[in-house]
Amino acid sequence: MTEIRNQHLETLMKATLLYLSIPVAAALAFSPAPSLQSQDPQKSAEENIKVMPISALQYVTASGERQTVRAENIVEIRVFEDHSDSVRIELLYENGDYSLIDAQSMHIMRRTGAPRDVRLVRTQRSKMRFPWLP
């Protein structure tokens, strides 16, 4: 008799735990997911930043000549979205050097050599690094 009673209590406890876990599971399922900060390309006040491995930066000069800069020394590439005449690019190098390039187009090469993590930034001209270089 006590064995049947113990089985009955055990079944009752399992049913109670199952019954109580349903509201908890439902609350977790319907709770809002944590929001990740998205980078909206329409917002001009903020910089859009991403670090990714690249192997080289290619750009086409105003005269149509293709130039390649290997990424082994580049730390940061900044592209200015409010420069309408051309693609304006700032390059910051590991040794502290700086380049400002106006190009017809630019190409990020990811698999043409040894990749390196480079910080890519899309920003406004008001946030240029020059003359306040890091």
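Preceding this paragraph is the structure being described.
Residues numbered from 1 in each chain as written. Predicted model: local features only at pLDDT ≥ 70, side-chain atom pairs only at ≥ 80, totals over all residues. Heavy atoms only, no water.

### Quick word on the pattern of salt bridges
Line of reasoning, step 1. Here the structure, examined in full by the defined rule, presents seven salt bridges.
Line of reasoning, step 2. The salt bridge partner of Arg-88 is Asp-102, with a shortest N-O separation of 2.8 Å. Note that Arg-88 is positioned in strand S5 (residues 87–93) and Asp-102 in strand S6 (residues 98–103), a separation of 14 residues in sequence.
Line of reasoning, step 3. Since its relative accessible area comes to 36%, Asp-102 is described here as partly exposed.
Line of reasoning, step 4. Its salt-bridge partner being Arg-116, residue Glu-94 comes within 3.2 Å of it at the nearest N-O pair. Separated by 22 residues along the polypeptide, Glu-94 in the loop between S5 and S6 and Arg-116 in strand S8 (residues 116–123) bring together distant segments of the chain.
Line of reasoning, step 5. Judged by its relative accessible area of 22%, Arg-116 is partly exposed.
Line of reasoning, step 6. Shared partners join several salt bridges into a network, and the residues in it are Glu-76, Arg-78, Glu-90 and Arg-119. (Salt bridge = Lys/Arg side-chain N within 4 Å of Asp/Glu carboxyl O. Helix = DSSP H or I, 4+ residues; strand = E, 2+ residues; numbered from the N terminus. Buried < 20%, exposed > 50% of the residue type's maximum accessible area, 1.4 Å probe, protein only.)

### Here's the deal with the pairing of S5
Line of reasoning, step 1. Summarising burial for S5: six of the seven residues are buried, a large majority.
Line of reasoning, step 2. Here six bridges tie S5 to S6, and the two strands are oriented antiparallel to one another. Bridge pairing links Glu-90 to Leu-100 in S6.
Line of reasoning, step 3. Joining the antiparallel neighbours S5 and S6 is a turn of four residues, in which Gly-96 adopts a positive phi near 100°. (Pairing = 2+ DSSP bridges.)

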